Amino acid sequence: MSLLTRQMPVAAGDAPSAGGQEAARAHPTAVLSAIALGALATIWLWWQNTPSVQGLGGWLTNSGRITGLLAGYGVIVLVALMARIPPLERGIGADRLARWHAMGGRYTVSLVVAHGLLITWGYAVTAHTNVISEGKSLLLTYPNVLAATVAGLLLVGVGITSARAARRRLRYETWYYLHFYTYLAVALAFSHQFSTGAEFVSNLPARIAWAGLYAVVGVAILWYRFVTPVRQAIRHRMQVEAVHVEAPGVVSVIIRGRHLDELNAASGHFFRWRFLTRELWWVSSPFSLSAPAQADRVRITVKDLGDHSGALTDLRPGTRVFAEGPYGAMTAARRRQPKVLLIAGGVGITPLRALFQTLPAAPGQLTLLYRASDERDVVFRHELESLAAERGAKLRIIVGRRADLGGDPLSADALRTNIPDIAEHDVYLCGPSGMTAAATEALRTAGVPRRHIHQESFAF
Ligand SMILES: Cc1cc2nc3c(=O)[nH]c(=O)nc-3n(C[C@H](O)[C@H](O)[C@H](O)COP(=O)(O)OP(=O)(O)OC[C@H]3O[C@@H](n4cnc5c(N)ncnc54)[C@H](O)[C@@H]3O)c2cc1C
């Protein structure tokens, strides 16, 4: 057994929250509905301020106004989705939020471009001039339009660096820090909305509501992304206690701290970890808890997949740690059925190892399928076997390549053969994206409803 499990009493369930209350979680449908209502209210704002639309110039200019308003709304929603607001992170999950953000980003950048082109074209038609000279006049004579144009170009730049082909060529950190230009773009574009936007020029309540929306999101960003991590660092004083090799290229890091129960961290959660060494202090990487959190200690288990994850092997006891979280939605709170199946692939075992210990389930109702391509890659074998014996849970560690196994052990047929009542299970899934995509399809074919499949992607 690992140090963490040996040194600490094995908890029967996750530690109760410090206040004894369940942490708030936003429902994805409610959040999407609220975003859609906001978009409708934005269009209504345009409608209220537009008595009539006349001529080609009028149609173009008004299309430019609508796209501009929606872009101004879209960009603040995108920033809010990434503000790490705890009920959003817990209810929706960081990976799904990131997917919404990426998809919304594509629409918003398109709206920004459409806004600039349509407004310029519309003004040119109305003024009977050409688009180039109208563009120059807009840039040089209208208040704040130059700054807004720079903001638009920055957003287009951020959009281009986020396109799949460009992202593959960039280091994660380069892409991540380029994204910070979005904040500059939002700040630069803000004033032109009030100084040139017909909806706001003579409408004080609209200005107050719009500025209020931006202010609330700005405060949320400052609070959750900057103030909270510093407060947590001061309160919990985390530091590395020990590092253990679990398998070739896989280490567990035990982190000691104070009052960790106040974090309300549950099995399935992850934190963004920043280790304060000369090489690592500037990066924060997400790693899941690989054992239930205790009041004075937590454990993460990390596979060497790059510069930073690889450097954790060399961490020395006493290294200070900043942890931001807990985040993630793949917890016991998602569970709907009495029977639970956990499917782990490779290092995706980490959150499921913690859940295997704490998910409430009667003997015989909890199953863990752990897939690894090589025996040397299997981590926590002894811990998992002890937990299975203690809890009366079923454990199947399936090692080997598909070709050697004579088929895919996670195909729909194989799953149905091994677990005949699979459709009655909640399934928690974590592993490489190819494996989780294939397993999700197999589970759906085997009759598991989508709402009973809970997964976390290890890539944003
Ligand atoms: C929610 C979540 C939980 C995770 N839990 C674990 C875990 O318990 N154990 C484990 O070994 N791995 C886990 N990972 C994966 C781990 O974060 C990456 O393998 C690690 O950050 C790689 O960083 P690197 O700098 O060493 O490698 P790089 O070569 O820099 O990155 C390799 C890939 O990892 C991803 N990545 C890198 N940095 C980040 C970051 N800061 N945020 C998000 N993705 C990043 C990118 O897709 C990148 O292409 C988790 C990832 C996520 C998103």
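Only a predicted model underlies this, so the values are computations on that prediction, with no experimental measurement involved. (Residues numbered from 1 in each chain as written. Predicted model: local features only at pLDDT ≥ 70, side-chain atom pairs only at ≥ 80, totals over all residues. Heavy atoms only, no water.)

Draft legend 1. Just the packing of helix α14 (residues 349-358) against helix α15 (residues 381-391), in detail. Direction vectors running N to C along α14 and α15 enclose 25 degrees, while the axes themselves pass 9 Å from each other. Relative to α15, α14 is oriented roughly parallel. In this structure, α14 meets α15 at a crossing whose hand is left-handed. Mapping the contact onto sequence places Ile-349, Arg-353, Leu-355, Phe-356, Gln-357 and Thr-358 in α14 and Glu-383, Leu-384, Leu-387, Ala-388 and Arg-391 in α15. Taken together, the residues of the contact of α14 with α15 break down into six nonpolar, two polar and three charged. (Axes fitted to C-alpha atoms, helices over the stretch in contact; angles between N-to-C directions. Helix = DSSP H or I, 4+ residues; strand = E, 2+ residues; numbered from the N terminus. Parallel < 35°, antiparallel > 145°, perpendicular 65-115°, else oblique. Left-handed = near helix turned anticlockwise from the far one by under 90°. Contact = heavy atoms within 4.5 Å. Nonpolar A, V, L, I, M, F, W, Y, C, P; charged D, E, K, R; others polar.)

Draft legend 2. Focus on the environment of Glu-241. Here Glu-241 lies in strand β1 (residues 238-247). Distance in space between the C-alpha atoms of Glu-241 and Arg-256 is 5.8 Å, their sequence separation being 15 residues.

Draft legend 3. Focus on the site of the ligand. Lining the immediate environment of the ligand, one finds 21 residues, of which Pro-286, Lys-303, His-308, Ser-309 and Thr-350 sit closest. A distance of 2.6 Å separates an oxygen atom of the ligand from a polar atom in the side chain of Ser-309. Computed on the free molecule, the ligand has an accessible area of 870 Å², of which 84% lies beneath the protein chains in the complex. Contributions of two or more residues to the shell around the ligand are made by β4 (285-288), β5 (297-303) and α13 (307-311). At four residues, β4 tops the list of elements feeding residues into the shell around the ligand. Considered class by class, the residues forming the shell around the ligand number 10 nonpolar, nine polar and two charged. (Near = heavy atom within 4 Å. Polar contact = N/O pair within 3.5 Å; in protein donor to acceptor, adjacent residues only side chain to side chain. Areas by Shrake-Rupley, 256 points an atom, 1.4 Å probe, with all protein chains shown as cover.)

Draft legend 4. Spotlight on the sheet that holds strand β2 (residues 250-256). Pairing within the open sheet is antiparallel, and its six strands lie in the order β4-β3-β6-β1-β2-β5. With partners counted over all chains shown, the strands left at the sheet margins are β4 and β5, one partner each. Going across the sheet, the axis of each strand differs from the next one's by a mean of 40 degrees, ignoring polarity. Note: strand β3 (residues 270-275) against β4, four bridges, orientation antiparallel. Across the sheet, Phe-270 pairs through a bridge with Ser-288, a residue of β4. (Pairing = 2+ DSSP bridges.)

Draft legend 5. Geometry of helix α6 (residues 131-141). Burial in α6 covers these residues: Glu-134, Gly-135 and Leu-138. Buried residues of α6, viewed axially, fall in a sector of 105 degrees; they line one side. Those residues of α6 that are exposed and aimed more than 90 degrees away from the buried face are Ile-132, Lys-136, Leu-140 and Thr-141. Packing partners of the buried residues in α6 comprise α5 (94-126) and α7 (145-162). (Buried < 20%, exposed > 50% of the residue type's maximum accessible area, 1.4 Å probe, protein only. Arc of directions from axis to C-beta.)

Draft legend 6. How the structure looks around the sheet that holds strand β7 (residues 339-345). Taken in spatial order, the five strands line up as β9-β8-β7-β10-β11 in an open sheet, and their pairing is parallel. In the strand order of this sheet, the two ends are held by β9 (394-399) and β11 (453-456), each with one partner. On average, each strand axis in the sheet is tilted by 15 degrees relative to the strand beside it, whichever way the strands run. Of the strand pairs in this sheet, β7 and strand β8 (residues 366-372) are connected by six bridges, and their pairing is parallel. When the bridges of β8 are listed, Leu-341 appears paired with Thr-367. Of the strands in this sheet, β7, β8, β9 and β10 (425-430) touch α14, which is tilted by about 150 degrees from β7.

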